[in-house]
Amino acid sequence: MAAAEGLAPWRVGFVGAGRMAEAIARGLVRAGKVEAQNVLASAPSNRNLCRFQALGCQTTHNNQEVLQSCSLVFLATKPHTLPAVLVEVAPVVTGEHILVSVAAGVPLSTLEEEGALVLARGRRAGSSEAELLQTLLAACGQCEEVPEAYMDIHTGLGGSGVAFVCTFSEALAEGAIKMGMPSDLAHRIAAQTLLGTAKLLLQEGRHPAQLRTDVCTPGGTTIHGLHALEQGGLRAATMSAVEAATSRAKELSRK
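Keep in mind that this is a model prediction, so the values were computed, not measured.

Novice: I tried to follow the packing of aromatic side chains on my own but got confused; where do I start?
Specialist: Centre distance and the angle of the planes are the two values used to describe a pair of aromatic rings. By the definition in use, this model includes two aromatic pairs. Here the aromatic rings of Phe14 and Phe52 are separated by 5.7 Å at their centres, their planes lie at 55°, and the arrangement is tilted. On the criterion of sequence distance, the pair formed by Phe14 in strand β1 (residues 12–15) and Phe52 in helix α3 (residues 46–55) is long-range, its members being 38 residues apart. Of the two residues examined, Phe14 and Phe52, each falls in the buried class. Taking 5.0 Å as the distance between ring centres and 10° as the angle between the ring planes, the aromatic pair formed by Phe14 and Phe74 counts as stacked.

Novice: Just to check I follow, could you spell out the pattern of salt bridges for this structure?
Specialist: Note that side chains of opposite charge can pair when their charged atoms are close. Applying the stated criterion to the full structure yields seven salt bridges. A salt bridge links Arg19 to Glu22; the nearest nitrogen and oxygen atoms lie 3.4 Å apart. Taken together, the positions of Arg19 and Glu22, both in helix α2 (residues 19–30) and three residues apart, correspond to about one turn of that helix. As a salt-bridge pair, Glu204 and Arg206 come within 3.2 Å of each other at their nearest N and O atoms. The class for Arg206 is partly exposed, based on a relative accessible area of 25%. Through salt bridges with shared partners, one network takes in Arg19, Glu22, Arg26 and Arg51.

Novice: Help me understand the packing of helix α8 (residues 151–159) against helix α9 (residues 161–178), please; the structure alone is not making it clear to me.
Specialist: For any two helices packed against each other, one specifies the crossing angle of their axes together with the interaxial distance. Orientation of α8 relative to α9, taken along the N-to-C sense of each, is 25°, at an axis distance of 5 Å. The orientation of α8 with respect to α9, classified from their angle, is roughly parallel. Together, Gly156, Leu157, Gly158 and Gly159 of α8 and Gly161, Val162 and Phe164 of α9 make up the contact between the two elements. Taken together, the residues that form the contact of α8 with α9 break down as three nonpolar, four polar and no charged.

Novice: Would you explain the UniProt feature "binding site: NADP(+)" (unreviewed entry) in the protein chain in this entry?
Specialist: Feature annotation in UniProt places "binding site: NADP(+)" (unreviewed entry) on Ala76, Thr77, Lys78 and Pro79, given in this structure's numbering. Mapped onto the fold, Ala76 is located in the loop between β4 (72–75) and α5 (82–89). For Ala76, a relative accessible area of 15% corresponds to the buried category. Among residues more than four places away in sequence, those in contact with Ala76 are Val15, Gly16, Ala21 and Val102. Following the sequence through the fold, Pro79 ends up in the loop between β4 and α5.

Novice: Mind showing me how you'd approach the sheet that holds β4 here?
Specialist: Sheets are built from strands paired through backbone hydrogen bonds, the pairs being either parallel or antiparallel. Reading across the sheet, the five strands line up as β3-β2-β1-β4-β5 and stay open at both edges, with parallel pairing between neighbours. The open sheet has two edge strands with one neighbour each: β3 (58–60) and β5 (98–101). Averaged over all pairs of adjacent strands, the angle between their axes in this sheet comes to 20°, without regard to strand direction. Pairing analysis gives three bridges linking strand β2 (residues 39–42) to β3, with the strands arranged parallel.

What counts, and where the lines are drawn
- Residues numbered from 1 in each chain as written.
- Predicted model: local features only at pLDDT ≥ 70, side-chain atom pairs only at ≥ 80, totals over all residues.
- Heavy atoms only, no water.
- Phe/Tyr/Trp six-rings, centres within 6.5 Å; stacked < 30°, edge-to-face > 60°.
- Helix = DSSP H or I, 4+ residues; strand = E, 2+ residues; numbered from the N terminus.
- Buried < 20%, exposed > 50% of the residue type's maximum accessible area, 1.4 Å probe, protein only.
- Salt bridge = Lys/Arg side-chain N within 4 Å of Asp/Glu carboxyl O.
- Axes fitted to C-alpha atoms, helices over the stretch in contact; angles between N-to-C directions.
- Parallel < 35°, antiparallel > 145°, perpendicular 65-115°, else oblique.
- Contact = heavy atoms within 4.5 Å.
- Nonpolar A, V, L, I, M, F, W, Y, C, P; charged D, E, K, R; others polar.
- UniProt positions renumbered as here; feature names shortened; annotations may be inferred.
- Pairing = 2+ DSSP bridges.

Laid out in structure tokens, this is it:
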């Protein structure tokens, strides 16, 4: 695993230059895992590539060029375009490549090697490749190896969950705005509340129910607010949202 310890020789490629690809590239560059000039991204138009260029990365409109220049390649296209992209780049794929899919709903059987911020190995991916990806992707947040069966669930929870949490943050702020707080202040406090809560859960390793119980004083403000949330069906609606997003990811994987 010399390459994992000294990451500078690695050239990292992105086929597709959307938000997920940009976030991974930005995390790798900012953490010093790879130098910006050793990142090459491809996309049909300049609209997304400009964000890579702003990071100091190389760009191209040629997907094959990415495979020819980089040994570690993230396939970050839309799910419905990935099959055609795979056909396009197949002639230049070698046994030395590590291919990582961040396309929702694309099964391992399509790629043979795949990974994401939860990492699932394909049949040809060994321990060294998994270790390398975990080392790199740790720069972008938590990275865990899981069975492929969890990938669609992760899309519904960790991928779509960003939008769900943003909706809740917005609703928190709007409640405060309704009660008279200025909008900018309300949104800042709502976001900070989510951040502080997440840090407590991750750093202390506690179950959310434990933390919730700790902040509920008998007869106090929090328990009254929680009662209102239960009446509104927040818990059931959130579970249904994750279920719906996961089901859609499974549908995409069958197409």
